Every structure is written in C-alpha cells, then in structure tokens.
Amino acid sequence: MKKYAKLIGILFLLLALGLFGLQMGVLLIQSTIHIEYIDYRLFYIVNILIVISLALSFYLLLSFTKMQKIILTSLLTIFVVVNVGLMISNQSEIKNVTSKSPDNKHIVSIKHNLSTNEAIYYRDYYWIFGRSMERLKNVADEEIQFEWLANDVAAVTYQTTNEQIQQFVATFGYRSTTSYYYVGAEIHGTWIGEGTEVISGPEGITITHKQKTELFDWDHIEQFGTLAIVLRENNEAKWTISLNENFEMHADSSKSTSGDITLYQATTGENEPVLLKKQETH
Amino acid sequence: MKKLLLTVASLMIICLAVGLYVYQDTSEKTKLTKDILEDYVANQEKLPDELQPNFVSDDIAYALQNEELNITYDSGENWIQVPIQQERLFAGEYNGNKQTLIPDSYVLTENRATFLVVDDLGEGATKISLISSFDQGETWDESVVSEGYPLVRFRKVDFLTDKFGYVITSGGRTMSQELSSVFLTMDNGLNWTEASDLDITTMLSDGGFIDDKTGFMSYGTITPTRPTLYTTQDAGNTWVEARIDVPEEYEEIFLIAEIPTKADNELALLVNQGSDGDYLGGKVKGEFISTDNGLTWTFKGEVQPDEEVR
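### Concerning the overall build of chain A
Part 1 of the argument: For chain A, the count of helices and strands is 4 helices and 17 strands.
Part 2 of the argument: For chain A, with 282 residues in total, the buried portion stands at 46%.
Part 3 of the argument: Counting every atom, chain A has about 14900 Å² of accessible surface; 57% of that belongs to carbon and sulfur.

Put into structure tokens, the structure is as follows:
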C-alpha cells in the first residue's frame, strides 16, 4: 500500500511539475507566438490543478506535524479561493463563450469584452490553445449563438449594440486540394430545399423562403474562408450559405459540382438550417 | 528530500502567484491580441489602399485616394498629405474622374507644389485660390486669386519663373458662351491682378504664357470653323487676335489652336482638328510658325501625332 502511495505521490508531483511547465511556458511565450488559452479560465483551472497535485503528492510522500498540515491546507485553500475568485470576477469583465464541433475536432471561442463591446474570435490550436482570428465590434451583451453547419463550419450569430443582427462564419481549413475559390461561383445554379429555393446567378444570389424572394448582389455577399458566405442587407446579416461535407468541386470547371449546401438564417430566434440540393438541369 | 521538495514547491507557488498577477492585468492580456489584430487589420487596410503614385517627374508624384491628396518627392517612399479637401480640387463645372488631378490645375516641381482650388460661395459664385508649399510640403500658404468668380469650368495655373506666374480660368457658362479670364502675379503668387478683359464669350479651349509679356488664349471647343487665337504682347494689358493663315485645303480641318511654344527665334503653333476631326484619323495637326512673336502665323506642314515636339 505504502509503495503504491509513494508511486502515486510521485505521479502527482510529476503532474504538478508538468502543468507548472506548461503554465510558465504559456505566460512566457504567448506574446511571441500569439497563442493563448482558448478559454482564459483554463489558466486558473491549471493553477488550481497544480497546487492540488502538489498538495496530494506532499500528503502521499512526506509526513507533517499537525501544525504543518494546518498551515499547508490553509495556504492551499487561500490559493484555490483566490483563483476561483479571479476567474469569476474576470468573467464579468470578459465573457468567454466556446462551442465544440459535432465531431469534437474543432473549438470556436469568443472572448467578449463587456466594457468595450468588442469580441475576439479564436480558433483552437492543439485543443487548449487559441489563436485570435478576427475582431467583432459593437457586440451587444446578449447571448452569442453558435450553429455548426458542418463539422468545420460554425455560424456565429450575435446582436450589435445598435440592435442589428450580425453573423460570421468560423471555418476550419480547406477541404479541397484546389486553391482559393469563390463559394458564390461554385454554387452557381438552382438549389432546392424545404420551402426554400436559392439561385446563384450572374447578378447575385436570390433566396426564396416562405414565399418571399430577395436578391443579394455580389457586393452584399461576404465570403468566410472557403466554405461559407454571408448575405447582407443594410449592413445586417440575413443568411449564411455553407458548403456541406459532401460538396465536391472540380478543378475542371466544365464538370459540375456535386453535394449539398446549407442555408441558415441570421436571426437570434429559433432557427434551423435548411439543407439544399442542387436542381439538375436537363 | 523533504527540504528539497518544499523549496521547489515554494518556488513554484511564488512563480504561480507572480504569473497570476501578470495574467490578471487584463489590459495586458487583451493588448497582446489587440496588437496582432491591429497590425493585421492595418495591413489589410493598407494593401488595397496603398497610395498609387501619379508621376509628374522621375521622383515626384501625387496620389488622390481616400479623399486625400498626398504628394511624394521620393517615388512614394514617403508621402506628405496636402491640406486640401478633395472637393476643393474639383469644385465648379467638372465631370472628369477624381483619381487624377485636373490637368494643368497644379504645379508640382522640386521647389514648388501649387494646387489651384475652388470654393463654392453659393449663388453661382466661387473663390479661386492657390495652395502652395515651397519647402516640399512642410508649410503651406493659401493665396486668393479671385473672389466672386462665376462657376469655374476651365482652370490652369503655371509659373514660368520664381516670380512670374499665371492663372487662366473660364466660368459662368450658359449654353456655349462663357467668361474667360487671365490673372497674373509678379511676386510668386502672393498677389494677383486680373489682366484686361478679352470681350470674347466663345468657350475657352486653352491659354498660356510663353514669357512674362507674351500670352495666348485659344477659343472654340464646340464646332469651331476656324482657329481663334488671341495674344497679348504686354502682359495682358491689350489683346489682339492673331492671324493664322490656314491654307485653303486645310480650312475646316485644323480648327483649334494649342498654346504656342518657343523654338529658336520663332514661335511654333500646333492647330488640331478638335474632337470631331476625321482628317487622316483625326490626330494629325497643322504646324504654324510665327516670326513676329505670335501675331501672325504661316503654315509649315502637317504633324503626325507621334512627331510632336513639345
């Protein structure tokens, strides 16, 4: 038993040292390689894990007098309480929201500075780290909604301080081997879904939904990565169109694309993405 | 063993506490991200909007972008912003593009940067001024050429010496009639006096001086039938119409006189076909020579557009 205790004690000690190394590393290098914890609360959690591991290893490896135990436990408690306290107080200053992809491979994180109404979108990097990708301005103190339209496409909907709805799309990497391409051009043609029709033509993209038709010209269509576009009207996002995983394009443009696309309305209310299939021309 | 562990643990706790303090400084925390983002955004914004020089000489250029006028003396390495709002450069009757300055409405040389600007005073009146710098953009001065001038159409400024310069304008157009004026300075643009009136209301095509006494005004931009060139030999006190002897076979072909140039002991004048000309493609001009300082002109020959010496 004692042997096991010693072994576990050493393991805890190693864990504490490992986490300590990680923590110091993050602090020292985050400014140079621009990487930080994807959720800033991780910093406090790692701190707490370090001291608890350390305390457990002490408990298992060393013997203390009662007085020493009381002192050590008090120190541990103070440290944990301080970290938890800071974590909570920070959350009221910078709200951190994260969302995981359906296949658990990607994380979108948004750090929302409530005092400046600015939010920064981070893409995950080795799971626990994030790289800042984009700044969102005038983000209102409302809930930011995530909808994963594919395993590598997340539509983020938020309200701005002037009560407009904005949407941006977090995309993760290229799917195809071809270089950059224009989503709007690749989905040229007519797409049909439940009660919905989308036509991508030379003038822009026409969306018919619930018997209402709207044309968005190319000047009002913004592409995100190579997987999605957002259609705007009066500086407000209206729709997002994303390419599904089964969407395939060919470097040879004479061959038509295959696969489906998804249409997602920009609204903070209840809203389900619509699957669209290409209407083949005969 | 115990001592070692406790020392290591103490050191770790101290480091963590310091780390906590550093991390807690949220301004620092967001600064890291902000800095990268701002650099990134600044670069993104800079790329498409990087100032595109319009060269006026080897190293001197200007750029009219983002509603700002910038000039450079080193091929675009460093830009100096000119304190002029874009609209002042194009006020009046002007429908051309606003990415390049109106030709001849500025002088940009090593020693002088001068821009002719027009302010709309309302009720069809305008103010014509020059904004100049003689120290490559470090300081700027504004001098008024004319106040209360009718809505400006044609505008031209040039300085022949570091004292003598001229501004030629036309304005107040109704149909194809307008007023044209010549303003002269003898003190490098500080004070301006208007030359005597020309009493001609045909539309001005061009004007200019070849020295501080001799000037020309060429008229007729819409369907002229012959070149109309007026000259002054006494710095704008009196004007007379120059006689251009257009050979019969070129009548109604060479219609609009350009501004003469000095060549040895004589003056050379090109007369073009106007915008509707179609003789030999419409670009061929007639060259005339004057030996009496521009009062009378005799035909010398046709000039192909690529043979022009100016």
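### With respect to the pattern of salt bridges
Residue and element names in this part refer to chain B.
Part 1 of the argument: The full count for this structure, using the stated rule, is 16 salt bridges over all chains.
Part 2 of the argument: Residues Lys156 and Asp206 are paired through a salt bridge, measuring 3.2 Å at the closest nitrogen-oxygen approach. Here Lys156, found in strand E9 (residues 152-159), pairs with Asp206, found in strand E13 (residues 204-209); they are 50 residues apart in sequence, far enough to count as distant.
Part 3 of the argument: The exposure class assigned to Asp206 is buried, which follows from its relative accessible area of 18%.

### Notes on helix H2 (residues 41-61) of chain A
Part 1 of the argument: Along its 21 residues, H2(A) runs 30 Å from first to last C-alpha, staying within 8% of the 30 Å computed at 1.5 Å per residue.
Part 2 of the argument: For H2(A), the set of buried residues is A:Phe43, A:Tyr44, A:Val46, A:Asn47, A:Ile48, A:Ile50, A:Val51, A:Ser53, A:Leu54, A:Ser57 and A:Phe58.

### Considerations on the nonpolar core
Part 1 of the argument: Ranked by internal contacts, the top residues of the largest apolar core, which has 48 residues, are A:Ile187 and A:Ile241.
Part 2 of the argument: It is strand E7 (residues 153-159) of chain A that contributes the most residues to this core, 5 residues altogether.
Part 3 of the argument: The residues contacting A:Ile241, other than those within four sequence positions of it, are A:Ile187, A:Val198, A:Ile205, A:Ile207, A:Leu227, A:Ala228, A:Ile229, A:Leu231, A:Ile261, A:Thr262 and A:Leu263.
Part 4 of the argument: Listed in part, the 30 residues of the second largest apolar core include A:Met24, A:Tyr44, A:Leu54 and B:Ala9.

### Some details on the confidence of the model for chain B
Atomic detail in the predicted coordinates should be set aside for any region of low pLDDT.
Part 1 of the argument: Looking at chain B, pLDDT values average 86 and 90% of them are 70 or higher.
Part 2 of the argument: Scored below 50 in pLDDT, residues 26-32 of chain B makes 9 contacts in the model with residues more than four places away or belonging to other chains.

### Focus on the packing of H2(A) against helix H3 (residues 66-91) of chain A
Residue and element names in this part refer to chain A.
Part 1 of the argument: One way to put it is that H2 packs onto H3 with a least axis distance of 9 Å and a crossing angle of 170 degrees. Of the possible angle classes, the one that applies to H2 and H3 is roughly antiparallel. Contact with H2, carried on its side by Arg41, Tyr44, Ile45, Asn47, Ile48, Val51, Ile52, Ala55 and Phe58, involves Leu72, Leu76, Phe79, Val80, Asn83, Val84, Leu86, Met87, Asn90 and Gln91 of H3 and no other residues of that element.
Part 2 of the argument: The residue inventory of the contact of H2 with H3, partitioned by class, reads 14 nonpolar, 4 polar and 1 charged.

### Here we look at the interface of chain B and chain A
Part 1 of the argument: Taken residue by residue, the interface counts 23 residues in chain B and 41 residues in chain A.
Part 2 of the argument: Both sides together, the interface formed by chain B and chain A hides about 2800 Å², and carbon and sulfur atoms give 76% of it.
Part 3 of the argument: Summed over the three residues of chain B that lose the most area to chain A, namely B:Met12, B:Leu16 and B:Tyr23, the buried surface amounts to 24% of that side.
Part 4 of the argument: For the interface between chain B and chain A, the tally reads 0 salt bridges.
Part 5 of the argument: On inspection of chain B and its partner chain A, the count reaches 2 residue pairs in polar contact (both at pLDDT 80 or more).
Part 6 of the argument: Elements represented by at least two residues in the side of chain B that touches chain A include exactly helix H1 (2-24) and helix H2 (26-49) of chain B.

### Observations regarding the pairing of strand E3 (residues 107-113) of chain A
Residues and elements named next belong to chain A.
Part 1 of the argument: Burial of E3 is extensive: 7 of the 7 residues sit out of reach of the surface.
Part 2 of the argument: Burial along E3 is two-sided: the face carrying Ile107, Ser109, Lys111 and Asn113 and the face carrying Val108, Ile110 and His112 are both buried.
Part 3 of the argument: Pairing between strand E2 (residues 94-100) and E3: 7 bridges, direction antiparallel. Residue Asn96 lies in a different strand from E3, and its bridge partner there is Lys111.
Part 4 of the argument: Here E2 folds back onto E3, and the loop between the two strands holds 6 residues, one of which, Asn104, carries a positive phi near 60 degrees.
Part 5 of the argument: Two strands pair when backbone bridges link them, and E3 and strand E4 (residues 118-125) are joined in this way by 6 bridges, in the antiparallel orientation. Directly across from Val108, in E4, lies its bridge partner Arg123.

### A few points about the sheet that holds strand E6 (residues 113-122) of chain B
Paired through their backbone hydrogen bonds, the strands of a sheet run either parallel or antiparallel.
Residues and elements named next belong to chain B.
Part 1 of the argument: The strand order across the open sheet built from 4 strands is E5-E6-E7-E8, with neighbouring strands paired in antiparallel fashion. For this open sheet the edge positions go to strand E5 (106-108) and strand E8 (141-150), each flanked by a neighbour on one side alone. Strand-to-strand twist in this sheet, taken as the mean axis angle between neighbours without regard to direction, amounts to 20 degrees.
Part 2 of the argument: Two strands pair when backbone bridges link them, and strand E7 (residues 125-133) and E8 are joined in this way by 8 bridges, in the antiparallel orientation. Residue pairing for E8: Thr126 is matched across the bridge by Tyr149.

### Quick word on the sheet that holds E7(A)
Residue and element names in this part refer to chain A.
Part 1 of the argument: Pairing in this open sheet of 3 strands is antiparallel, and the strands run E6-E7-E8 from one edge to the other. One side of each edge strand has no neighbouring strand; the edge strands of this open sheet are strand E6 (145-150) and strand E8 (165-171). Strand-to-strand, the axes of this sheet are offset by a mean angle of 25 degrees, without reference to chain direction.

### Describing the layout of surface pockets
All names here are of chain A.
Part 1 of the argument: What the second largest pocket holds in volume is close to 600 Å³.
Part 2 of the argument: The wall of the second largest pocket is formed by 21 residues, among which Ala55, Leu72, Thr73, Leu75 and Leu76 lie closest to the centre.
Part 3 of the argument: Looking at the lining of the second largest pocket, the element that brings in the most residues is H3, giving 8 residues.
Part 4 of the argument: Looking at the lining of the second largest pocket residue by residue, the classes come out as 18 nonpolar, 2 polar and 1 charged.

Cut-offs used in this document
Every chain's residues receive numbers from 1 upward, in the order its sequence appears when written. Both sets of labels track the order of writing: A upward for chains, 1 upward for ligands. Per-residue local features of the predicted model are confined to residues with pLDDT of at least 70, and side-chain atom pairs are confined, for both listing and counting, to 80 or more; whole-chain, interface and lining totals are unaffected and use all residues. Only hydrogens and water are set aside when side-chain values are computed; all heavy atoms of the structure are taken into account. To qualify as a helix, a DSSP run of H or I must reach at least 4 residues; to qualify as a strand, a run of E must reach at least 2; elements of each kind are numbered from the N terminus. Using a 1.4 Å probe on the protein chains alone, a residue whose accessible area is under 20% of its type maximum counts as buried, one over 50% counts as exposed, and one in between counts as partly exposed. A 1.4 Å probe and the Shrake-Rupley method give the accessible areas. Residues count as covered only by the protein chains that appear here. Just to be clear on terms, a salt bridge is a Lys or Arg side-chain nitrogen sitting within 4 Å of an Asp or Glu carboxyl oxygen. What a helix should span is 1.5 Å times the count of its residues minus one. Take the buried Ala, Val, Leu, Ile, Met, Phe, Trp, Tyr and Cys residues and link them wherever side-chain atoms come within 4.5 Å; each set so joined is a nonpolar core. By definition, residues are in contact when any of their heavy atoms lie within 4.5 Å. Residue-level confidence of the predictor is what pLDDT reports, using numbers from 0 through 100. Only the contacting stretch of a helix is used when fitting its axis, a line to C-alpha atoms as for every element, and angles between N-to-C directions run 0 to 180 degrees. Each angle receives one of four descriptions, namely roughly parallel if under 35 degrees, roughly antiparallel if over 145, roughly perpendicular if within 65 to 115, and oblique otherwise. Side-chain classes follow a simple rule in which Ala, Val, Leu, Ile, Met, Phe, Trp, Tyr, Cys and Pro form the nonpolar group, Asp, Glu, Lys and Arg form the charged group, and the remainder, Gly included, forms the polar group. Summed over both partners, buried area is the accessible surface (1.4 Å probe) that two parts give up on being assembled. Between N or O atoms, a polar contact is any pair within 3.5 Å; within protein, one atom must be a potential hydrogen donor and the other a potential acceptor, and residues adjacent in sequence are included only when both atoms are from side chains. DSSP bridges decide pairing: two strands pair if at least two such bridges lie between them. Cavities and pockets were defined on a 1 Å grid built over protein atoms only: a cavity is a set of grid points that admits a 1.4 Å probe from which the probe cannot escape, a pocket is an open set flanked by protein on both sides within 12 Å along at least five of seven lines, and lining residues are those with an atom within 4 Å of any such point. Grid points are joined across faces, edges and corners, and a volume is the space filled by probe spheres set on the points.

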